[in-house]
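# Fold and geometry: a report
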Amino acid sequence: MKATRVFQLTALALVMVSAVQVGWWLFDQHAYTVEKVAAARAAYAEQVAAAQALLDSGAAPARVQQLLSGIVTRDGRATLAPEVAEALTTEEHRRYRQYAWEGSFFLLALAACIAVIARALRQEAHVREQQDSFLALVSHQFKTPLASLQLSLETLALRAPGPEAARPLIDRMLADLARMEQMVTQILESARLERGRVDLKSEPLQLAGAVARVSAQLEERARQERISISSDIAPTLIVVSDPLALDVVVRNVLENALAAVRGAGGAHITLSARASEREVELLVRDNGVGFAPAESARLFQKFSRLRSGASGYYGTGLGLYIVRRLMELADGRVSAHSEGVGKGASIRLTWPAASMDARAAPQQPAAGQETRT
Amino acid sequence: MSATLPAPVLVVEDDPHLAAGVMENLRAEGYAVTAAPDGEQALDWLAGHEFALIILDVMLPGADGLSVCRTLRARGNTTPVLFLTARGDPADRVRGLEAGGDDYLAKPFHLQEFLLRVRAILRRWEWYRSVSATTATAVLRFGGNEVDFRAFRARSWNGEPQELTEKEAMILKVLAEHAGQIVSREDLLERVWGYDVFPSTRTVDNFILRLRKRFERDPAAPRHFLTVWGVGYRFLTEGEP
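Residues numbered from 1 in each chain as written. Chains lettered and ligands numbered in written order. Predicted model: local features only at pLDDT ≥ 70, side-chain atom pairs only at ≥ 80, totals over all residues. Heavy atoms only, no water.

## Let's talk about the interface of chain A and chain B
- Taken together, the 22 residues of chain A in the interface contact 26 residues of chain B.
- Taken together, both faces of the contact between chain A and chain B bury some 2,200 Å²; the carbon and sulfur share is 57%.
- Where chain A touches chain B, the interface holds 3 salt bridges.
- Across the salt bridge formed by Glu29(B) and Arg159(A), the nearest N and O atoms sit 3.1 Å from each other.
- If you look at where chain A meets chain B, you find 10 residue pairs in polar contact (both at pLDDT 80 or more).
- Of all elements in the fold, only helix 3 (82–159) and helix 4 (163–194) of chain A reach the threshold of two or more residues within the side of chain A that touches chain B.
- Among the elements that make up the side of chain A that touches chain B, the one with the highest residue count is helix 3 of chain A (12 residues).
- In terms of residue class, the side of chain A that touches chain B is made up of 7 nonpolar, 8 polar and 7 charged. (Contact = heavy atoms within 4.5 Å. Buried area = accessible area lost by both parts, 1.4 Å probe. Salt bridge = Lys/Arg side-chain N within 4 Å of Asp/Glu carboxyl O. Polar contact = N/O pair within 3.5 Å; in protein donor to acceptor, adjacent residues only side chain to side chain. Helix = DSSP H or I, 4+ residues; strand = E, 2+ residues; numbered from the N terminus. Nonpolar A, V, L, I, M, F, W, Y, C, P; charged D, E, K, R; others polar.)

## Digging into the nonpolar core
Residues and elements named next belong to chain A.
- Core analysis: the largest hydrophobic core is formed by 58 residues, its most contacted members being Leu207, Ile233, Ile269, Leu271, Leu282, Leu349 and Trp351.
- Here this core takes 10 residues from helix 6 (residues 243–261), the largest share from any one element.
- Those residues within four positions of Leu349 in sequence are excluded, and the remaining contacts are Val249, Val253, Val280, Glu281, Leu282, Val323, Met327, Arg333 and Val334. (Core = buried A, V, L, I, M, F, W, Y, C linked by side-chain atoms within 4.5 Å. Buried < 20%, exposed > 50% of the residue type's maximum accessible area, 1.4 Å probe, protein only.)

## Details of unusual backbone geometry
- Cis geometry marks the peptide bond from Lys107(B) to Pro108(B); its omega dihedral reads -10 degrees.
- Examined against the element boundaries, Pro108(B) turns out to sit in the loop between strand 5 (103–106) and helix 5 (111–131).
- Even without being a glycine, Asp75(A) presents a positive backbone phi close to 55 degrees.
- Within the secondary structure layout, Asp75(A) lies in the loop between strand 1 (71–74) and strand 2 (77–80).
- For Ala160(A), which is not glycine, the phi torsion reads 40 degrees and is therefore positive.
- With respect to the helices, strands and loops of the structure, Ala160(A) is situated in the loop between helix 3 and helix 4.

## Brief notes about the pattern of salt bridges
All names here are of chain A.
- All chains considered together, the criterion is met by 31 salt bridges over all chains.
- Glu281 is the partner of Arg274 in a salt bridge, and the nearest nitrogen-oxygen pair spans 3.3 Å.
- Note on Glu281: relative accessible area 15%, which makes it buried.
- Salt bridges sharing partners connect three or more residues here, namely Glu91, Arg94 and Arg95.

## Quick look at helix 1 (residues 2–56) of chain A
- The end-to-end C-alpha distance of helix 1 of chain A is 80 Å, a good match for the 81 Å that 55 residues give at a rise of 1.5 Å each.
- Looking one or two residues past helix 1 of chain A, Gly58(A) carries a phi angle of roughly 95 degrees, positive in sign. (Expected span 1.5 Å × (residues − 1).)

## Things to note about the packing of aromatic side chains
All names here are of chain B.
- Taken as a whole, this structure holds 14 aromatic pairs over all chains when the rule is applied.
- Taking the centre distance of 6.5 Å and the plane angle of 40 degrees together, the rings of Trp125 and Phe152 count as tilted. With Trp125 in helix 5 and Phe152 in the loop between strand 7 (145–148) and strand 8 (153–155), the pair connects residues that are 27 residues apart, well separated along the chain. The residues Trp125 and Phe152 share a single accessibility class, namely buried.
- Here the aromatic rings of Tyr128 and Phe152 are separated by 5.7 Å at their centres, their planes lie at 20 degrees, and the arrangement is stacked. (Phe/Tyr/Trp six-rings, centres within 6.5 Å; stacked < 30°, edge-to-face > 60°.)

## With respect to the sheet that holds strand 2 (residues 32–36) of chain B
All names here are of chain B.
- In spatial order, the strands read 2-1-3-4-5; together these 5 strands make up an open sheet with parallel pairing. The strands lining the two open edges of the sheet, one partner per strand, are strand 2 and strand 5. Adjacent strand axes in the sheet meet at a mean angle of 20 degrees when their direction is disregarded.
- Where strand 1 (residues 8–12) lies against strand 3 (residues 53–57), 4 bridges are found, and the strand directions are parallel. (Pairing = 2+ DSSP bridges. Axes fitted to C-alpha atoms, helices over the stretch in contact; angles between N-to-C directions.)

## Remarks on the environment of Arg324(A)
All names here are of chain A.
- Mapped onto the fold, Arg324 is located in helix 7 (residues 319–329).
- When the C-alpha atoms of Arg324 and Val334 are compared, they prove to be 6.2 Å apart, with 10 residues separating the residues in sequence.
- Among all residues touching Arg324, those that are not within four sequence positions of it are Phe300 and Val334.

## Looking at a nonpolar patch on the surface
All names here are of chain A.
- On the surface, Ile170, Leu174 and Leu177 cluster together to form a nonpolar patch covering roughly 250 Å² of accessible area.
- Tracing the backbone through its elements, the reader meets Leu177 in helix 4.
- For Leu177, a relative accessible area of 45% puts it in the partly exposed group. (Patch = residues over 30% accessible without salt bridge, like charges linked within 9 Å, V, L, I, M, F, W, Y side chains within 5 Å. Areas by Shrake-Rupley, 256 points an atom, 1.4 Å probe, with all protein chains shown as cover.)

## Observations concerning the packing of helix 7 (residues 166–177) of chain B against helix 9 (residues 202–215) of chain B
Residue and element names in this part refer to chain B.
- As a packed pair, helix 7 and helix 9 sit with axes 10 Å apart at the nearest point and diverge in direction by 85 degrees. Viewed along their axes, helix 7 and helix 9 adopt a mutual orientation that is roughly perpendicular. Along its contact with helix 7, which presents Lys167, Glu168, Ile171, Leu172 and Leu175, the element helix 9 presents Phe207, Ile208, Arg210, Leu211, Arg214 and Phe215.
- In the contact of helix 7 with helix 9, the residues fall into 7 nonpolar, no polar and 4 charged. (Parallel < 35°, antiparallel > 145°, perpendicular 65-115°, else oblique.)

## Things to note about the sheet that holds strand 11 (residues 225–228) of chain B
All names here are of chain B.
- What the 3 strands build is an open sheet, ordered 10-12-11; its pairing is antiparallel. Unpaired on one side and paired on the other, strand 10 (182–184) and strand 11 mark the two borders of the sheet. Across this sheet, the average inter-strand angle for adjacent strands is 35 degrees, counted without regard to direction.
- Inspection of the sheet shows strand 11 paired to strand 12 (residues 232–235) by 4 bridges, in the antiparallel sense. Paired with Thr227 across the strands is Tyr233, a residue of strand 12.

## Some points on the pairing of strand 7 (residues 279–286) of chain A
All names here are of chain A.
- Burial within strand 7 is extensive, with 6 of its 8 residues counted as buried.
- The sheet contact formed by strand 6 (residues 268–275) and strand 7 spans 7 bridges and is antiparallel. Bridging across to strand 7, Arg274 finds its partner in Glu281.
- Where strand 6 folds back on strand 7, the antiparallel hairpin that results is connected by 3 residues.
- Strand direction decides the pairing type here: strand 7 and strand 9 (residues 345–352), joined by 8 bridges, are antiparallel. What sits directly across from Arg285, in strand 9, is Ser346.

As C-alpha cells, this is what we get:
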C-alpha cells in the first residue's frame with residue numbers, strides 16, 4: 001500500500017516535470033524558429049541590398065541574377081523572388097503547425113497521465129478514509145452489545161439470582177449474542193459487496209419460495225414478540241437473481257420491518273407481490289415507527305440508522321445498504337416510503353422478471369399461500 | 001437527600017438491554033431509578049424533577065450526551081453526571097469532563113467499578129452539600145473575596161462577580177476545610193474527582209491557577225493559594241504577610 005503510494009507520487013512528479021519540459025521545449029522551438037526566419041529574412045535583405053548596389057554600379061541585371069540566387073531585377077530594381085519569399089513564409093508556418101500538433105499531443109497525453117494518477121491517489125485516500133470510519137463505527141457498534149453482555153454476566157455473578165430472576169438476564173444475553181452474530185454477518189456481507197468480490201449468479205427463482213424460507217427462519221422470533229407476518233405471493237412469480245442474494249435481501253428487509261414494529265401494539269407485516277411485463281415487485285409493508293419522508297434516500301446509505309425512539313431498535317446501519325447494493329448488482333431497484341414518523345413504512349423491491357415466464361406471468365397476483373403467525 | 005429516602009438517579013441510555021441492566025443494578029443498590037431513552041426526554045424530565053445523579057450515554061439518537069450535559073449546565077443545573085461511552089480514549093474523556101461531566105466510564109465496563117463510581121460521586125456530593133448546608137459554612141470570606149458555595153457564585157476583592165464551576169467550588173471547599181494545612185494534589189483529586197479520571201495531577205495545578213486568577217490580587221505572587229513544592233497546596237484565609 002505504502003510502496004504503491006510512493007510509486008504513484010513519483011510517477012506523478014515525473015509526469016508533471018515532463019509536462020513542464022514539453023512546455024519549455026515548445027516555447028524554445030518557437031523562439032528558435034522566429035529567430036531563424038528573422039535571420040534568413042535579414043540575409044535575403046542583405047542580398048537584395050547587394051544586388052541593388054551592383055545594379056546601381058551598372059552591372060548587367062542578368063549577371064546580378066546569376067550571381068545572387070533568389071533575386072529578381074526589374075526596371076533597375078532588385079527584389080526578392082516571390083517564390084523564395086513564399087517558401088520562407090510556408091516553411092515558417094509549417095514549423096509552427098508542427099510544434100502546435102506535436103506539443104498539444106504530448107501535453108494532452110501527459111495531462112491524461114496526471115489525471116489518471118491523481119484519480120488513483122484520490123480514490124485510495126477515499127478508500128482509506130472509508131476504512132477508518134468503518135472500523136471506528138464497527139468497533140463502536142460492537143461495544144454496546146458487549147457492554148450489555150458483560151453487565152448481564154456480572155450481574156449474575158454478583159447477585160446470584162434464582163432461576164426465575166435469572167431468566168430475563170439469560171434471554172438478554174442470548175439476544176445480545178444474536179445481535180453480534182447478525183452484525184458479523186452483515187459486516188462480512190457488506191465488506192464483500194464493497195470490494196466487488198461477489199460472484200453473483202443470474203438464474204430464475206421463485207419469489208414465493210424465498211419469502212417462505214426467510215419467513216420460516218424469523219417465525220419464532222415474530223411469535224415471541226407477537227408480530228404477525230402475512231404473505232400473499234403467487235408461486236408463478238419468477239425473478240432473475242442470485243439465490244443467496246435473494247434470501248439475504250428478503251431477510252434484511254424483513255428484519256428491518258420486524259425491528260420497526262417492535263414494541264408497537266397489534267404489529268403486523270404484510271408481504272405482497274405483483275408482476276408487470278418485465279419486472280416483478282415485492283412490497284413489504286409494516287405499521288411500525290416509520291420515518292420522515294425526507295429520509296427515504298438516507299435509509300439505504302451505509303451506517304445510517306433511524307432514531308431509535310421508544311422501540312429501542314439497534315442495528316448496524318448496514319442491513320438496507322446491503323439490500324441496495326445487492327439489488328443494484330441484480331439489475332433491480334429498491335425504494336422506501338413512509339407517510340411520516342409513527343405511520344408505518346413500506347419497502348418496494350423490483351427485480352427483472354425471467355424472460356420466458358414474463359409472458360406467462362399473471363398481471364395480478366393469483367391467490368397465493370397465506371401464512372400467519 | 002436524606003438518609004432514609006433513596007437517591008433518585010436518571011439513566012439516559014438508548015440501548016434497551018444496557019439500560020435495563022444498569023437500572024436493575026441501581027435499584028438493587030437502593031437507588032430510585034428513572035429511564036430516558038434519548039436526550040430530549042432527559043432534558044424534559046430534568047426540567048421538572050430533581051436527581052442526585054445522571055447516568056448519561058454519550059452516543060444518543062438526536063442530541064448527544066455531551067450537548068445534553070452542556071445544555072444542563074447552561075441552565076444552571078449542577079446535578080452530577082456520569083458519562084457512559086463506547087469511546088474511551090483520553091481525548092474523549094477530556095471532552096466529557098469539559099462538557100461538565102463528573103466522571104467517565106468506557107463501555108464495556110465492570111459492574112463493580114460502575115457501582116463504585118456511582119457511590120463515589122454521590123458521596124462527594126453528599127459531602128459538598130452537607131458542608132455547605134449551614135449558613136456558617138456556606139459562605140467563605142478571605143482577602144476581600146466572598147464565595148457562596150450553595151449558589152456557586154463569588155465576588156472577588158475588586159468587586160467583580162464570579163461564576164464558579166462545580167470543580168472550582170469543590171477544590172476551594174476542600175482547601176478551606178483544611179485551611180493552613182498542606183493538601184496534596186492526590187488528596188484533591190481523590191476528594192473532588194474520585195480516582196483515575198484524569199491522567200495526571202497537572203489538572204489540579206490548572207484549577208489552582210484558575211482560582212488564583214479569580215481571587216488573588218497578584219496571581220503571580222499568591223498570598224492565599226500557596227504552592228508547597230513537591231507536595232501540593234496550602235490555603236490561607238488571612239493571606240501571607
